[in-house]
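Structural description and commentary
The primary structure of each chain is shown beneath.
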Amino acid sequence: MKYNRILLKLSGEALMGERQYGIDPQRLAEYAQEIKQIHDKGVQIAIVIGGGNIFRGLAGASNGMDRVQGDYMGMLATVINGMALQGALEDAGMQTRLQTALEIKAIAEPYIKRKAVRHLEKGRIVIFGAGTGNPYFTTDTAAVLRGVEVEADVILKGTRVDGIYTADPEKDLTATKYDTLTFEDVLKKGLNVMDTTAFTLSQENALPIIVFDMNKPGNLVKVCEGELVGTTVNV
Ligand code: GTP
C-alpha cells in the first residue's frame, strides 16, 4: 500500500445517502465495507466526520442564531455521526475508538494524541468527534489538524465529486478534472478544495490532500494503493 496511515475525512451529508436529513444505515454499512477493505490490508485509519446532515453552525447563524452556539451544536452533530460510524464499523468486525475534542466521557474517550496513535498502531480505527472543539473552525480544519498531529501520510477527502475541477462540474459542463495540483496551483487558480484555514495548515505541514469520490465502490482502496483516483494536491 502506498499509505501506511491515513486521515479519512467524510462529510456528514455523505451519510444521508438518498435522504434529505440524518443518517442512512445502508450508506453507513457501505462505507464500513469500503473502510474494511483498506483495514484488512493493514492501513492505519483515523477518521474525521462532519455534521452537516444534522446541524450546520453557519446555517444556524444565517438564520439569526448565535454563531458560537450554532458551532457547538454542529460539533455535537459530529459526535452523533461518529457514534453511528463506530457502530457500523464494529458491526463489520473492526475495532474502533471514538475520541472527542469536547469531553463526553460517558460515550467517548477524550482526545489524547498519544492514545490515538497507540490505538492506530494496534490496528484500531480512531474516529475523532466534535471537530477541533472550537467554534469558527470547520471539520476540514479538524481533519488536517488531527492528520498533522497523528502524522498521517495523507488526508483523504471523500466526497460525492470525483476530484477538483476547473469549475463546478454540476454547473459548468465544460469543466475538466485535474489529476494533480500543487498547493500553489490551487491558490493561484482560486480553486475551492477546503476552507483557507484547513488548506493553509495542510500546505504548511506539507500534508498532501486527495479529493476523491467516496461513493464509488473500490475507490478508497485504489487511492490507498496509489492509483490515480481523484485529484492529489501536494507540494
Ligand atoms: P490499551 O490501553 O491500548 O489497551 O487501549 P484500550 O482503549 O483498550 O484501553 P482502555 O482501558 O483505556 O479502554 C478500554 C475501553 O474503554 C475502550 O473501549 C475505550 O474506548 C473505553 N474508554 C477509555 N477511556 C474512556 C473514556 O474516557 N470514556 C469512555 N466512554 N470510554 C473510554
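About the cut-offs
- Residues numbered from 1 in each chain as written.
- Predicted model: local features only at pLDDT ≥ 70, side-chain atom pairs only at ≥ 80, totals over all residues.
- Heavy atoms only, no water.
- UniProt positions renumbered as here; feature names shortened; annotations may be inferred.
- Helix = DSSP H or I, 4+ residues; strand = E, 2+ residues; numbered from the N terminus.
- Buried < 20%, exposed > 50% of the residue type's maximum accessible area, 1.4 Å probe, protein only.
- Polar contact = N/O pair within 3.5 Å; in protein donor to acceptor, adjacent residues only side chain to side chain.
- Pairing = 2+ DSSP bridges.
- Contact = heavy atoms within 4.5 Å.
- Axes fitted to C-alpha atoms, helices over the stretch in contact; angles between N-to-C directions.
- Core = buried A, V, L, I, M, F, W, Y, C linked by side-chain atoms within 4.5 Å.

Considerations on the UniProt feature "binding site: UMP" (unreviewed entry) in the protein
- Those residues carrying the UniProt feature "binding site: UMP" (unreviewed entry) are Gly-51, Asp-71, Thr-132, Gly-133, Asn-134, Pro-135, Tyr-136, Phe-137, Thr-138 and Thr-139 in this numbering. Across 89 residues of sequence, these annotated residues stay compact in space, with a maximum C-alpha separation of 14.3 Å.
- Within the element layout of this structure, Gly-133 appears in the loop between strand 5 (125–129) and helix 5 (139–149).
- Residue classification places Gly-133 among the buried positions, given a relative accessible area of 11%.
- Of note, Thr-138 is situated in the loop between strand 5 and helix 5.
- Here Asp-140 takes part through its backbone nitrogen, which lies 3.4 Å from a polar atom of the side chain of Thr-138.

Examining the sheet that holds strand 5
- Read across the open sheet, the nine strands follow the order 4-3-5-2-1-6-8-9-7; overall the sheet is mixed. In this open sheet, the two strands that pair with only one neighbour each are strand 4 (109–110) and strand 7 (180–182).
- Two elements, strand 3 (residues 96–100) and strand 4, share two bridges in a ladder whose sense is parallel. Residue Gln-99 lies in a different strand from strand 4, and its bridge partner there is Glu-109.
- In this fold helix 1 (residues 25–40) packs onto strand 1 (5–10), strand 2 (44–49) and strand 5, with an angle of close to 150 degrees to the strand it touches most, strand 2.

Overview of the nonpolar core
- Ile-6, Leu-8, Ile-35, Ile-47, Leu-89 and Leu-156 are the most contacted members of the largest nonpolar core, which totals 35 residues.
- Breaking this core down by element, the ones donating at least two residues are strand 1, helix 1, strand 2, helix 3 (67–91), strand 5, strand 6 (154–159), strand 8 (209–213) and helix 8 (219–225).
- Here this core takes five residues from helix 1, the largest share from any one element.
- Ignoring anything within four residues of it in the chain, the contact list for Ile-6 reads Ile-38, Val-43, Gln-44, Ile-45, Ala-46, Ala-152, Val-154, Leu-156 and Cys-224.
- Membership of the second largest hydrophobic core comes to 29 residues, among which are Tyr-111, Ala-143, Ile-164 and Met-194.

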